[in-house]
Amino acid sequence: MRKLLWLLGVVVLSMGGWAQKANWPRELVIAEVPVESAADYQARYAPFLDYLRSRLGIPVKLFLATDYTAVMLAQAQGQVHVAFYGPGSYVDAIEKAKAPIEAFVKEDSVRSGTVYHSLMISKKGSGIKTLADAKGKDFAFVDPESTSGYKVPMTYFCTEAKIRPREYFGRVLFAGTHENVILGVARGTIPVGVTWDTGISIATNKGQIRGLEEFEVIWRSDPIPASPWAYRKDLPSDLKEAIRKAYLEFKDTPEGKKWLEARGLKGFAPASDKDYDPFRKINDALKRPECQL
């Protein structure tokens, strides 16, 4: 009997301590608000999913969504355990979708550390170099829940530029992803649009554009706190700690360094919910009548 118990103990340990993880989900589901086309996500995330599987000892699956709201609702309903948001959509996931989540890490970029910027861009050589030049031209936001692709530039239009986009520009549209805005402007199908500077890095590293030199930067926002990854609060505490540690240590692995560099990142840095309090104020500002499209 003692020998049998000893053998069972060896089996449990060889399975990564499965008995101690009985309260963990059978698989971990992660998601990202749309930045690129859906076809690119599975291939790009494969190394990261493999890394998380090896660190956590459970299957890890990628949830693909067509828009920001789908990610917010999926995490609120428990279909997604961990998700990547923009600062504004993170706050909206909590306030609008009632998702029981908390930020645990944020991006740490090569270019600007734990902040990033919203950019209003046009194609270089188009003759559109200023906001005045853009008047009457078609204009693209990303998604109503996008921080750099809607909330921050919309707040700028409302509080500083004192314009209403649908009155100032020609056709105003939502392109759906940052990639759609960047490539649309680069190809000349979108005269003016807003995106994030990290998106420019991603498109450059994928060979889709040469770099920021292809564009006129009409406006650059003040620094925005870097985008967070958030997990559900009701996950087991030991799983949350294992996830947080895995993210923070990803940069120390060969596959992690390569994956992060392709995204223009050095790694992930610790984050907390209070880092995103400024966006609760932005959300309040955007509720005002004068701050509508």
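Look above for the structure.
Below is a short write-up of the structure.

Criteria and thresholds
Residues numbered from 1 in each chain as written. Predicted model: local features only at pLDDT ≥ 70, side-chain atom pairs only at ≥ 80, totals over all residues. Heavy atoms only, no water. Phe/Tyr/Trp six-rings, centres within 6.5 Å; stacked < 30°, edge-to-face > 60°. Lys NZ or Arg CZ within 6 Å of the ring centre and 35° of its normal. Buried < 20%, exposed > 50% of the residue type's maximum accessible area, 1.4 Å probe, protein only. Helix = DSSP H or I, 4+ residues; strand = E, 2+ residues; numbered from the N terminus. Arc of directions from axis to C-beta. Pairing = 2+ DSSP bridges. Axes fitted to C-alpha atoms, helices over the stretch in contact; angles between N-to-C directions. Contact = heavy atoms within 4.5 Å. Salt bridge = Lys/Arg side-chain N within 4 Å of Asp/Glu carboxyl O.

1. As for the packing of aromatic side chains
Okay, step 1: As enumerated under the stated definition, the model contains 30 aromatic pairs in all.
Okay, step 2: Cluster of aromatic residues (ring-pair linked, three or more members): Tyr41, Tyr45, Phe48, Tyr51, Phe84, Phe104, Trp229, Tyr231, Tyr247, Phe250, Trp259 and Phe268.
Okay, step 3: Lying over the aromatic face of Phe84, Arg263 brings its terminal NZ or CZ to 5.0 Å of the ring centre.

2. What about helix H3 (residues 68-76)?
Okay, step 1: Where H3 is concerned, the buried positions are Tyr68, Val71, Met72, Ala74 and Gln75. Taken down its axis, H3 places every buried residue within 165 degrees of arc, on the same side.
Okay, step 2: Two residues or fewer past H3, Gly78 is found with a positive phi of approximately 85 degrees.

3. Section: the sheet that holds strand S6 (residues 118-123)
Okay, step 1: Strand order across the open sheet formed by five strands is S8-S7-S9-S6-S10, with mixed pairing between neighbours. The sheet is open, and its two borders are formed by strand S8 (172-174) and strand S10 (215-220), each paired with just one other strand. Strand-to-strand, the axes of this sheet are offset by a mean angle of 30 degrees, without reference to chain direction.
Okay, step 2: Where S6 lies against S10, five bridges are found, and the strand directions are antiparallel. When the bridges of S10 are listed, Met120 appears paired with Trp219.
Okay, step 3: Strand contacts of helix H5 (residues 147-161): S6, strand S7 (139-141), S8, strand S9 (192-196) and S10, with the helix running at about 120 degrees to S7, the strand carrying the most contacts.

4. Focus on the pairing of strand S1 (residues 28-32)
Okay, step 1: In terms of residue burial, S1 counts as a mostly covered element, since five of its five residues are buried.
Okay, step 2: Pairing geometry for S1 and strand S2 (residues 60-63), over four bridges, is parallel. By the bridge assignment for S2, Val29 is matched with Lys61.
Okay, step 3: Sheet analysis places S1 next to strand S3 (residues 82-84), joined by three bridges and oriented parallel. Bridging across to S3, Ala31 finds its partner in Ala83.

5. Looking at the pattern of salt bridges
Opposite charge on two side chains lets them pair, provided their charged atoms get close.
Okay, step 1: Per the counting criterion, the structure on display carries 22 salt bridges.
Okay, step 2: For Glu32, the salt bridge identified is with Arg263, shortest N-O distance 2.9 Å. In this pair, Glu32 is assigned in strand S1 and Arg263 in the loop between helix H10 (254-262) and strand S13 (265-270), connecting sequence segments 231 residues apart.
Okay, step 3: For Glu32, a relative accessible area of 4% corresponds to the buried category.
Okay, step 4: Note that Glu290 and Arg288 form a salt bridge whose closest N and O atoms lie 2.8 Å from each other.
Okay, step 5: Note on Arg288: relative accessible area 34%, which makes it partly exposed.
Okay, step 6: Taken together, the shared-partner salt bridges connect Glu32, Arg44, Glu107 and Arg263 into one network.

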